[in-house]
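# Architecture and fold: a report
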Amino acid sequence: MAQSATGGKPVRDVGALRRLLTRPELAAVAGSILVFAFFAVVAGDYGFLTTAGAASYLEVAAQLGIVAVPVALLMIAGEFDLSVGSMVGAAGMIIAISVSEYGLPLLVGVLLAFAVALVVGFLNGYLVIKTGLPSFIVTLGMLFALRGLTIGFARLLTGRTQIGLGDSGSGVMQTLFAGSIGDFPVSIIWWFALAVLGTYVLQRTVFGNWIFGAGGDANAARNVGVPVSRVKITLFMCTAASAALLATIQVLDAGSADVLRGTLLELQAIAAAVIGGVLLTGGYGSVIGALFGALIFGMVQQGIFFTGVSTDWFQVFVGVMLLIAVMFNNVIRRRAAEAR
Amino acid sequence: MMANDTPLMEARGVSKYFGRVIALEDISMDVKAGQVTCLLGDNGAGKSTLIKIFSGVHQPTKGAMALDGEEVRFDSPRDAIDRGIATVFQDLAMIPLMGISRNFFIGREPTTGVGPFKRFDVKKADRITREELDKIGITLRDTTQPVSTLSGGERQSVAIARAVYFGAKILILDEPTSALGVKQSAMVLRYINRTRQQGIGVVFITHSVHHAYVIGDRYTVLSHGHSLGSYEKGEVSMAELEKLMAGGKELEKLEDELQGSGATNGASNEAARSEGSTSETVG
Ligand SMILES: Nc1ncnc2c1ncn2[C@@H]1O[C@H](COP(=O)(O)OP(=O)(O)OP(=O)(O)O)[C@@H](O)[C@H]1O
Ligand SMILES: [Mg+2]
């Protein structure tokens, strides 16, 4: 129509490249390439470029990424979960105590851990919705409470804070969670699978549309009929469940649980999501970005390890990366919001 | 065709308090099929609050809502939407960073596939969004561009197109023309007219007495949370309507003149409010 609001306006054809340059995960993908190139040069001679090297940084990335994927979804929905790290510790302890102290089958221990995680996730979500307090505060409370409960109960029930799994000998479970294909642990497959699933849900399902809506403007979304509370509670349950999955993988891999497992994981997961282009205030971001965010973490951590430089420098590197990525992401987002 | 005297929707003595704030006090009005009911009143009169009760955002503190003569209670906007009430909110209820077609369908997404493979039908959403916006005079190049890239008027048009597209029985528009130019406003009024002709009940909030007079069949005027009465189109002139919309102060002056009492112009809110409650008999 000639008199239309935009139709009559002269427009530049910006094309596919420009569109690509406004993707939220751009910084994380570019960052991954840069970090890889950097360590290929610096640590290439020390094994960074071997399959074993790749397996080692992919494993680190996978363990973070398994949690970072649902954390990214939750952040896009406008909420934080600071309790995932404590949840990893708690879930690991539940598995180890059920198996080694109470002689329950491994599968039962794992199911128990997932059940507790889902309850904790539900509680997080329910408290956030009911109290109207920021999830940052509610889950910060849960971070302390859960860690405290884990340590307290571990001491109470076993007198220890580290518990071996004993001889579990459950072949299927071992293969499923702690097996490997060549040099590569299966956790990498879990990570990719979750990222693919997360991307599908976010981009292609109705629930995904609701996630963007809940985070973009919860009130507006509610007014057009989105069950915002249900969306958020579901995602809190997903982040907690991902922590239980990671705990299962870690416990079976290490053969033991430790009450301090997962310490600082919540912040790393948020950092991975933010590097991946997720907006801190919600409503914008991608799961693929979070996948690459986790990959960057893995490559930096293992890359520094391979170079032989003290791993103390890892955190400096991560901190700088985070700042650069966030500044970069701001530019991209502003451009996306203007792109016609 | 539905008989004109069966209201599609009624507010029966609805009051709404926010803590100590009395946003609405004992409001009764009804919405009839195939008619445009204009809701008029000054800023802060309670218009938006009332239609938020209609659309399930708020629940009345006192009184009740009725659909087709039957009392109902909407616990959420979803309930109202499911009962066929579509609303364009004053703040438009759009998600700024989300694409236009995703915004258009949020809450009522078309799906394709079955069972666990049921997914958001992005193609269909894009196509319908394009078609519907074409109808209201907006041609899109890219339906995935964020709503934040649209002008205020374009955004308003998208919100209206969305509500009309989904509007089953009742369409509520809260100041839909406030950000629009003359041409776009005329487009919206034409839209409202077409909707009315389809037998849909329209609630139209506006500050423009011209728009109200052109399109409205009936008028309900609010002032400070009270109703100044409901009028049929033939009952009031545009000038009278304008005076009513000013919120009672003007009306009081008018009444004073008629009674020849010659009271001062400095009517306080208190006076305006008491005026509001008696004016129904005057009208
Ligand atoms: N959620 C709320 N909490 C407290 N007070 C509220 C709330 N919503 C509305 N109010 C109050 O209720 C009164 C009526 O507000 P409302 O938004 O319904 O007015 P309005 O007639 O739509 O005005 P406008 O023409 O400016 O849009 C105002 O005094 C407002 O401050
Ligand atoms: Mg209003």
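First, a word on scope: everything that follows refers to the structure included in this document. (Residues numbered from 1 in each chain as written. Chains lettered and ligands numbered in written order. Predicted model: local features only at pLDDT ≥ 70, side-chain atom pairs only at ≥ 80, totals over all residues. Heavy atoms only, no water.)

The next point concerns the site of ligand 1. Residues and elements named next belong to chain B. For ligand 1, the set of nearby residues contains 13 residues, the closest of which are Asn43, Gly44, Lys47, Ser48 and Thr49. For ligand 1, an oxygen atom lies 2.8 Å from a polar atom in the backbone of Gly44. Its free accessible area being 640 Å², ligand 1 has 62% of it covered by the protein chains. If one sorts the elements of the shell around ligand 1 by residue count, helix H1 (residues 47–54) sits on top with 3 residues. Of the residues belonging to the shell around ligand 1, the class tally is 3 nonpolar, 7 polar and 3 charged. (Near = heavy atom within 4 Å. Polar contact = N/O pair within 3.5 Å; in protein donor to acceptor, adjacent residues only side chain to side chain. Areas by Shrake-Rupley, 256 points an atom, 1.4 Å probe, with all protein chains shown as cover. Helix = DSSP H or I, 4+ residues; strand = E, 2+ residues; numbered from the N terminus. Nonpolar A, V, L, I, M, F, W, Y, C, P; charged D, E, K, R; others polar.)

Turning our eyes to something else, we now look at the sheet that holds strand E1 (residues 7–18) of chain B. Residue and element names in this part refer to chain B. Read across the sheet, 4 strands follow the order E2-E1-E4-E5 without closing on themselves; strand pairing throughout is antiparallel. Among the strands making up the open sheet, the edge pair consists of strand E2 (21–32) and strand E5 (70–72). Recorded for the sheet is a direction-independent mean angle of 30° between the axes of neighbouring strands. Pairing of E1 with E2, which is carried by 8 bridges, proceeds in the antiparallel orientation. Following the sheet pairing, Tyr17 is matched in E2 by Ile22. Along the sheet face, H1 touches E1, E2 and strand E4 (62–67) and points at about 60° away from the line of E2. (Pairing = 2+ DSSP bridges. Axes fitted to C-alpha atoms, helices over the stretch in contact; angles between N-to-C directions. Contact = heavy atoms within 4.5 Å.)

With that settled, consider the environment of Gly262 of chain A. Residue and element names in this part refer to chain A. Mapped onto the secondary structure, Gly262 falls in the loop between strand E4 (256–258) and helix H12 (265–275). Distance from Gly262 to Gly85, taken between C-alpha atoms, is 4.2 Å for residues 177 residues apart in sequence. In this view, Gly262 contacts Gly85, Val88 and Arg147; residues no more than four positions away in its chain are not counted.

This part takes up the packing of helix H5 (residues 106–131) of chain A against helix H11 (residues 228–254) of chain A. Residue and element names in this part refer to chain A. As a packed pair, H5 and H11 sit with axes 7 Å apart at the nearest point and diverge in direction by 150°. Comparing the axis directions of H5 and H11 gives the class roughly antiparallel. Once H5 is placed against H11, the crossing between them reads as right-handed. Classifying every residue of the contact of H5 with H11 gives 18 nonpolar, 5 polar and 1 charged. (Parallel < 35°, antiparallel > 145°, perpendicular 65-115°, else oblique. Left-handed = near helix turned anticlockwise from the far one by under 90°.)

Moving on, we get to the interface of chain B and chain A. Interface extent is often summarised as the accessible area lost during association of the parts. At the junction of the two partners, chain B supplies 38 residues and chain A supplies 39 residues. Summing both sides of the interface, chain B and chain A together bury roughly 3,000 Å²; the carbon and sulfur share of this comes to 56%. At the junction of chain B with chain A, the criterion picks out 0 salt bridges. In this structure, the connection of chain B to chain A is made through 6 residue pairs in polar contact (both at pLDDT 80 or more). Among the secondary structure elements, those contributing two or more residues to the side of chain B that touches chain A are helix H2 (77–82), strand E8 (119–120), helix H4 (122–135) and helix H5 (152–166) of chain B. Residue classes in the side of chain B that touches chain A are distributed as 19 nonpolar, 8 polar and 11 charged. (Buried area = accessible area lost by both parts, 1.4 Å probe. Salt bridge = Lys/Arg side-chain N within 4 Å of Asp/Glu carboxyl O.)

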